[in-house]
Amino acid sequence: MATEPRVTDNPRASRYELWLGTTRAGLIEYRSEPGVVFLIHTEVDPAFAGQGLGERLVAGALEDLRARGLKLVPLCPFVRAYLRRHPDQA
């Protein structure tokens, strides 16, 4: 049975993490300043490539940032590409 991916914020490591059960399948490194979060680098473990997990990871991070009323600065090319494909998320 497949585990539903979940995205968590790990502020101590300055990254969002994508978990499948107990396995960290991906992450987005960020830098935060008051009211603003810079998404710097997105990475998905090659073992999980091609499953759309990068998109789930970005969507989860954006959802969290919106919920906390933080402004996003997408420095990561993957995040920028996601926002181009999903302009409703910008």
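Above this text you will find the structure in question.
First, a word on scope: everything that follows refers to the structure included in this document. (Residues numbered from 1 in each chain as written. Predicted model: local features only at pLDDT ≥ 70, side-chain atom pairs only at ≥ 80, totals over all residues. Heavy atoms only, no water.)

**Some thoughts on the overall build of the protein**
Then, number 1: Across its full length, the protein holds two helices and five strands.
Then, number 2: What you see in the protein, going N to C, is helices and strands ordered as β-β-β-β-α-β-α.
Then, number 3: Scaling as 2.2 N^0.38, a compact globule of 90 residues should have a C-alpha radius of gyration of about 12 Å, and the protein matches this with 12 Å.
Then, number 4: Dimensions of the protein along its principal axes, counting C-alpha atoms only, are 40 × 30 × 20 Å.
Then, number 5: In the protein, 41% of the contacts between residues at least 6 apart in sequence involve partners at least 24 apart.
Then, number 6: In the structure as shown, the protein presents an accessible area of about 5,500 Å², 53% of it carried by carbon and sulfur atoms.
Then, number 7: Across the protein, 12 positive and 11 negative side-chain charges occur, with their mean positions spaced 3 Å apart. (Helix = DSSP H or I, 4+ residues; strand = E, 2+ residues; numbered from the N terminus. Rg over C-alpha atoms; globule rule 2.2 N^0.38 Å. Contact = heavy atoms within 4.5 Å. Areas by Shrake-Rupley, 256 points an atom, 1.4 Å probe, with all protein chains shown as cover. Lys, Arg positive; Asp, Glu negative; His and termini not counted. Charge placed at Lys NZ, Arg CZ, Asp CG, Glu CD.)

**Observations concerning the environment of Asp 9**
Then, number 1: Locating Asp 9 in the fold gives a position in strand β1 (residues 6–10).
Then, number 2: Residue Asp 9 is classed as partly exposed on the basis of its relative accessible area, which comes to 23%.
Then, number 3: Sequence separation between Asp 9 and Leu 27 is 18 residues; the distance between their C-alpha atoms is 9.5 Å.
Then, number 4: Reaching out from Asp 9, the side chain makes a polar contact with the side chain of Tyr 30 at a distance of 2.5 Å. (Buried < 20%, exposed > 50% of the residue type's maximum accessible area, 1.4 Å probe, protein only. Polar contact = N/O pair within 3.5 Å; in protein donor to acceptor, adjacent residues only side chain to side chain.)

**Structural notes on the pairing of β1**
Then, number 1: Inspection of the sheet shows β1 paired to strand β2 (residues 15–20) by five bridges, in the antiparallel sense. If you follow Val 7 over to β2, its bridge partner there is Leu 18.
Then, number 2: Between β1 and the antiparallel strand that follows it, β2, lie four residues; Ser 14 among them carries a positive phi value of about 55°. (Pairing = 2+ DSSP bridges.)

**Some details on the side chain of Gln 89**
Then, number 1: Mapping Gln 89 onto the fold places it in the segment after α2 (77–85).
Then, number 2: In this structure the side chain of Gln 89 is engaged in a polar contact, spanning 3.5 Å, whose partner is the side chain of Asp 88.
Then, number 3: The contact partners of Gln 89, leaving out residues within four places of it in the chain, are Leu 62, Arg 66, Tyr 82 and Leu 83.

**Some words on the pattern of salt bridges**
Close approach of charged atoms allows side chains of opposite charge to pair.
Then, number 1: Inspection of the entire model under this criterion finds six salt bridges.
Then, number 2: Across the salt bridge formed by Glu 55 and Arg 85, the nearest N and O atoms sit 2.3 Å from each other. Of this pair, Glu 55 sits in helix α1 (residues 53–67) while Arg 85 sits in helix α2; the two residues are 30 residues apart in sequence, bridging distant segments of the chain.
Then, number 3: Assessed through its relative accessible area of 46%, Arg 85 is described here as partly exposed.
Then, number 4: Through salt bridges with shared partners, one network takes in Asp 9, Asp 64 and Arg 68. (Salt bridge = Lys/Arg side-chain N within 4 Å of Asp/Glu carboxyl O.)

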